Amino acid sequence: MEPNLLFKRQNIISLDGEWGFLLDKDKIGDKKQYFKGFNNQYIINVPFSYTTKASGVNVLEQVDIIWYQKEIEINSSQLKQDIYLCCEGIDEKAIVYVNGKQVGRNEGGNIAFRVLLNYALKVGKNLIVIKCEDDFSLSKARGKQRWLNYNYGCWYTQTNGIYKSIYLDFVPHVSLKEVKLTPVVKNNTLNIDYVIDNFCEDLYLDVKITFEGNLVNHVITYLDQDSNQITLDVYSKKIPNQVFFWHPFDPKLYDLEFKLIKNNKVIDNVKSYFGFREFTVSGNKLLMNGFSFYSKLVLYQGYFKDSNLTPENDDQIIDDIKTIKELGFNGIRAHNYVPSEKFLSYCDKLGLLVWIEYPSPHMFSLKMRDTATKEWLEIMKQKYNHPFSI
């Protein structure tokens, strides 16, 4: 599966795989200018944390500063687009360099982020270097990650650095930045909130909804501002019962395609999907699509034998989801961690509800309060469109 099926462009390049890697135990990387490149201490298999067997490094010791590097090649045609480095998860701080120049940074190991690379790129070979920082602080969002050099209780080997997928996204300068999808069951409609990056005049948004290959709705809307909402009817005589409601026991999905048009030419194309479902509350009852719904969830640890918080392959994800459903559960409580987009997309497709928990800190501080509030709001925003979410 692709890194993000909820917002998928065709021209992406996965950077998962081999990267040069170094454990900066003495914290000398900045002084030695590792951001310009360094001699590899290891070859690491991204996106697995260096503390796992799957990474190929398998060093359990906590090292507060680590470095990654990878060479990429960019041609002149690609450089005409905005080129983003998209990182689904780096624990806990990340600074990104291209050809020795800092291009971006992020703090928070539980959110996806992207960094625009263009002003430091050139035609030909380019060196991406990522410096990652993490430590045993108790006032960070640790979840079940230990803060001592041994496991005990329900605190396990720490996850440092890149631990989720990383890829290049080639995006037109004027582009669809994000969409928010909200089914409205009583009206058989889908509300689509959109944001346009680098908005300009004479833009149209082409939106097509299909279900199992059958056209449900197709509209083209003139855009007079960079952010607004459009509403589409999902009622169609071409599908059984005219509207298909997503449910864990029958999790069929609608497909979405967005085209941004200027001067009668498609300048951006994004594909997505949605499940037509709605959760509401009536008194002390949870309703799904207007009917009483009983959530039967299992506590899901999300750890894998040789790779900790990162599943090694799709089969591990599918086997877990199918086993949970075969045991009679309709959802999971993702215990103290945020699952990967790949895992969550399989939950959408196979029909498993997910209650995501923010990884808890183990000591309160004012900084932790601010960090947790900011990161949790971003997590809810990033996961909003998934039909699994309650």
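This text goes with the structure placed above it.
Let me sum up the structure you'll find in this document. Quantities reported herein were computed from a predicted structural model and do not represent experimental measurements.

## Notes on the sheet that holds strand S4 (residues 65-74)
Strand order across the open sheet formed by six strands is S3-S2-S4-S10-S7-S8, with antiparallel pairing between neighbours. Each edge of the open sheet is held by one strand with a lone partner, namely strand S3 (42-46) and strand S8 (101-107). The mean inter-strand angle of the sheet, taken between neighbouring strand axes irrespective of direction, is 30 degrees. Both strand S2 (residues 17-23) and S3 contribute to a ladder of five bridges, which runs antiparallel. Pairing of glycine 20 across the sheet is with isoleucine 43, part of S3.

## As for the pattern of salt bridges
Any two side chains of opposite charge can pair, so long as their charged atoms come close to each other. Taken as a whole, this structure holds 17 salt bridges when the rule is applied. A salt bridge links aspartate 64 to lysine 27; the shortest N-O distance between them is 3.5 Å. One end of the pair, aspartate 64, is in the loop between S3 and S4; the other, lysine 27, is in the loop between S2 and S3, and 37 residues separate them in sequence. Because the salt bridges share partners, they merge into one network encompassing Glu92, Asp134, Asp135 and Lys140.

## Thoughts on the side chain of glutamate 92
Looking at where glutamate 92 falls in the secondary structure, it is placed in the loop between strand S6 (90-91) and strand S7 (93-98). Note on glutamate 92: relative accessible area 9%, which makes it buried. Polar side-chain contacts of glutamate 92 include one of 3.4 Å to the side chain of lysine 140. Contact partners of glutamate 92, with chain neighbours within four places excluded, come to Asn106, Glu107, Gly108, Gly109, Glu133, Asp134 and Lys140.

## A closer look at the packing of helix H1 (residues 314-326) against helix H2 (residues 341-350)
The geometry of H1 relative to H2 is characterised by a closest axis approach of 10 Å and an angle of 45 degrees between their N-to-C directions. With respect to H2, the element H1 is oriented oblique. For the element pair H1 and H2, the recorded crossing hand is right-handed. Touching Asp314, Ile317, Ile318, Ile321 and Lys325 of H1 are Lys342, Phe343, Tyr346, Cys347 and Leu350, all from H2. Split into classes, the residues belonging to the contact of H1 with H2 amount to seven nonpolar, no polar and three charged.

## Here's the deal with the sheet that holds strand S13 (residues 175-184)
Sheet strands line up and pair through hydrogen bonds in the backbone, either parallel or antiparallel. Pairing is antiparallel across the open sheet formed by three strands, whose spatial order is S13-S14-S17. The strands lining the two open edges of the sheet, one partner per strand, are S13 and strand S17 (227-233). Taking the axes of each pair of neighbouring strands and ignoring which way they run, one obtains an average angle of 25 degrees across the sheet. Relative to S17, strand S14 (residues 189-197) runs antiparallel, the two sharing seven bridges. Paired with tyrosine 194 across the bridge in S17 is asparagine 228.

## A short note on H2
H2 sits mainly inside the fold: seven of its 10 residues count as buried. What H2 keeps buried is the set Glu341, Phe343, Leu344, Ser345, Tyr346, Cys347 and Asp348. Those residues of H2 that are buried lie in contact with strand S19 (265-274), strand S23 (297-300), H1, strand S24 (331-334), strand S25 (353-356) and helix H3 (366-383).

## Side note on unusual backbone geometry
Of note, the amide linkage connecting valine 46 to proline 47 takes the cis form, showing an omega dihedral of 20 degrees. Mapped onto the elements, proline 47 comes out in the loop between S3 and S4. Of the consecutive residues aspartate 91 and glutamate 92, the connecting peptide bond is found in the cis state with omega at 10 degrees. You will see that glutamine 33, though not glycine, has its phi angle at about 60 degrees, which is positive. If you trace the backbone, glutamine 33 turns up in the loop between S2 and S3. When its relative accessible area of 36% is taken as the criterion, glutamine 33 is described as partly exposed. Phi is positive for asparagine 289, which is not a glycine, with a value near 55 degrees.

Reading guide: rules and limits
- Residues numbered from 1 in each chain as written.
- Predicted model: local features only at pLDDT ≥ 70, side-chain atom pairs only at ≥ 80, totals over all residues.
- Heavy atoms only, no water.
- Pairing = 2+ DSSP bridges.
- Helix = DSSP H or I, 4+ residues; strand = E, 2+ residues; numbered from the N terminus.
- Axes fitted to C-alpha atoms, helices over the stretch in contact; angles between N-to-C directions.
- Salt bridge = Lys/Arg side-chain N within 4 Å of Asp/Glu carboxyl O.
- Buried < 20%, exposed > 50% of the residue type's maximum accessible area, 1.4 Å probe, protein only.
- Polar contact = N/O pair within 3.5 Å; in protein donor to acceptor, adjacent residues only side chain to side chain.
- Contact = heavy atoms within 4.5 Å.
- Parallel < 35°, antiparallel > 145°, perpendicular 65-115°, else oblique.
- Left-handed = near helix turned anticlockwise from the far one by under 90°.
- Nonpolar A, V, L, I, M, F, W, Y, C, P; charged D, E, K, R; others polar.

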